[in-house]
Amino acid sequence: MKFSKLGFHPDLLQGIDAIGFKSTTPIQEKAIPVILAGKDLIGSAQTGTGKTAAFLLPIINDILHKNEPESSKCLIVVPTRELAIQIDQQMQGLSYFTRLNSIAVYGGGDGDLFTQEKIALSEGASVITATPGRLIAHLKMGYVNMQSLHFLVLDEADRMLDMGFYDDIIKIVNKLPKKRQTLLFSATMPKAIRKLAKNILSIPKEISLAISKPASGIKQYAFL
């Protein structure tokens, strides 16, 4: 499906064209209409399938069309700093021609980075991508403002649970508005993910791509 047929905001379409996206991937074609309809979502898809754009595009579009005062509208929680940086870079590319801003929040930086994160979390950034531990550190200090949050995205949720972040995720969710749209993406769907989804999602739609093989265009190698 062509992105131009999805009714996206013109400024967002400029970003899509600049990045070189032409047509939707399977996960994008299935997930974008569900997110645009305001439904909670459980998505099973591997790295390389285009799932980052599958949730970023409708979220950016929603924020642009609502045209509300600047504040934190979307929180994306991810397991690692590398993924936080990667998603934030894609967010910056897609939103380049818009008024939106974003930040990646993760550990391991210096005091200046922590200060930048504090400002964004207290004064607002359109899209915040954060690792659980670093976000919890900010939440404990009491200045994080998520009152205007519309979206919560948990990406690579199975990996976060494998790393022992279940309790941290619940702590974060308990600090967010009850009225929100929640999107959960995971490569696998073990019982722990089902339990998490039941606790934090509301009547979610479920999309599952073939997850027994790597995404098209991804090569896998094993070195002994």
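Residues numbered from 1 in each chain as written. Predicted model: local features only at pLDDT ≥ 70, side-chain atom pairs only at ≥ 80, totals over all residues. Heavy atoms only, no water.

Visitor: Help me understand the sheet that holds strand β3 (residues 102-105), please; the structure alone is not making it clear to me.
Guide: Backbone-to-backbone hydrogen bonds pair the strands of a sheet. The strands run either parallel or antiparallel. Ordered in space as β3-β4-β2-β5-β6-β1-β7, the 7 strands form an open sheet in which the pairing is parallel. Lying at the two open borders of the sheet, with one neighbouring strand each, are β3 and β7 (205-208). Recorded for the sheet is a direction-independent mean angle of 15° between the axes of neighbouring strands. Pairing between strand β2 (residues 74-77) and strand β4 (residues 127-130): 4 bridges, direction parallel. By the bridge assignment, Ile76 is partnered in β4 with Thr129. (Pairing = 2+ DSSP bridges. Helix = DSSP H or I, 4+ residues; strand = E, 2+ residues; numbered from the N terminus. Axes fitted to C-alpha atoms, helices over the stretch in contact; angles between N-to-C directions.)

Visitor: Just to check I follow, could you spell out the nonpolar core for this structure?
Guide: In summary, soluble globular proteins display a tendency toward joint burial of nonpolar side chains. Membership of the largest hydrophobic core comes to 40 residues, with the highest contact counts inside it found for Phe55, Leu57 and Ile76. Among the secondary structure elements, those contributing two or more residues to this core are α1 (10-19), α2 (26-36), α3 (51-66), β2, α4 (81-94), β5 (151-154) and β6 (181-186). The element that contributes the greatest number of residues to this core is α3, accounting for 9 residues. The residues touching Phe55, leaving out its near neighbours within four places in the chain, are Ile35, Ile76, Ile87, Val153, Asp155, Leu183 and Phe185. (Core = buried A, V, L, I, M, F, W, Y, C linked by side-chain atoms within 4.5 Å. Buried < 20%, exposed > 50% of the residue type's maximum accessible area, 1.4 Å probe, protein only. Contact = heavy atoms within 4.5 Å.)

Visitor: How should I be thinking about the pairing of β3 in this particular structure?
Guide: In regular strands, side chains alternate between the two faces of the sheet. Residues Ser102 and Ala104 line one face of β3 and the alternating positions Ile103 and Val105 line the opposite face, and both faces are buried. Pairing analysis gives 4 bridges linking β3 to β4, with the strands arranged parallel. Pairing of Ala104 across the sheet is with Thr129, part of β4. For the segment spanning β3, helix α5 (residues 111-123) and β4, crossover handedness is right-handed. (Right-handed = clockwise from strand over helix to strand, strands pointing away.)

Visitor: Which parts of the structure should I look at to understand the pattern of salt bridges?
Guide: Two side chains bearing opposite charge may form a pair once their charged atoms approach each other closely. Applying the stated criterion across every chain, the model contains 6 salt bridges. Across the pair Lys51 and Asp155 runs a salt bridge whose closest N-O atoms are separated by 2.7 Å. Remark: Asp155 occurs in the loop between β5 and α7 (157-162) and Lys51 occurs in helix α3; sequence separation between them is 104 residues. An identical accessibility class is assigned to Lys51 and Asp155; each is buried. Arg159 is the partner of Glu156 in a salt bridge, and the nearest nitrogen-oxygen pair spans 3.4 Å. Among the residues examined, Arg159 registers a relative accessible area of 40% and is labelled partly exposed. (Salt bridge = Lys/Arg side-chain N within 4 Å of Asp/Glu carboxyl O.)

Visitor: Help me understand the side chain of Glu156, please; the structure alone is not making it clear to me.
Guide: Residue placement: Glu156 occurs in the loop between β5 and α7. Residue Glu156 is classed as buried on the basis of its relative accessible area of 15%. In this view, Glu156 contacts Thr47, Lys51, Pro79, Leu83 and Phe185; residues no more than four positions away in its chain are not counted.

Visitor: Would you mind showing me how to read the side chain of Lys73 here?
Guide: The residue Lys73 is located in the loop between α3 and β2 in this model. Residue class for Lys73 comes out buried when judged on its relative accessible area of 6%. Within polar-contact distance, the side chain of Lys73 engages the side chain of Ser71 at 2.9 Å. (Polar contact = N/O pair within 3.5 Å; in protein donor to acceptor, adjacent residues only side chain to side chain.)

Visitor: I would appreciate a short explanation of α4 in the present structure.
Guide: For an α-helix, the turn length of 3.6 residues means that residues three or four places apart are oriented alike. With 14 residues, α4 extends 20 Å between its outermost C-alpha atoms, agreeing within 8% with the 20 Å of an ideal straight helix rising 1.5 Å per residue. Those residues of α4 not exposed but buried are Leu83, Ala84, Ile87, Asp88, Met91 and Leu94. In a view along the axis of α4, the buried residues occupy a sector of 130°, so they form one face of it. For α4, the exposed residues set more than 90 degrees away from the buried face come down to Glu82 and Gln89. In this structure, the buried side of α4 is in contact with α1, α3, β2, β3 and β4. (Expected span 1.5 Å × (residues − 1). Arc of directions from axis to C-beta.)

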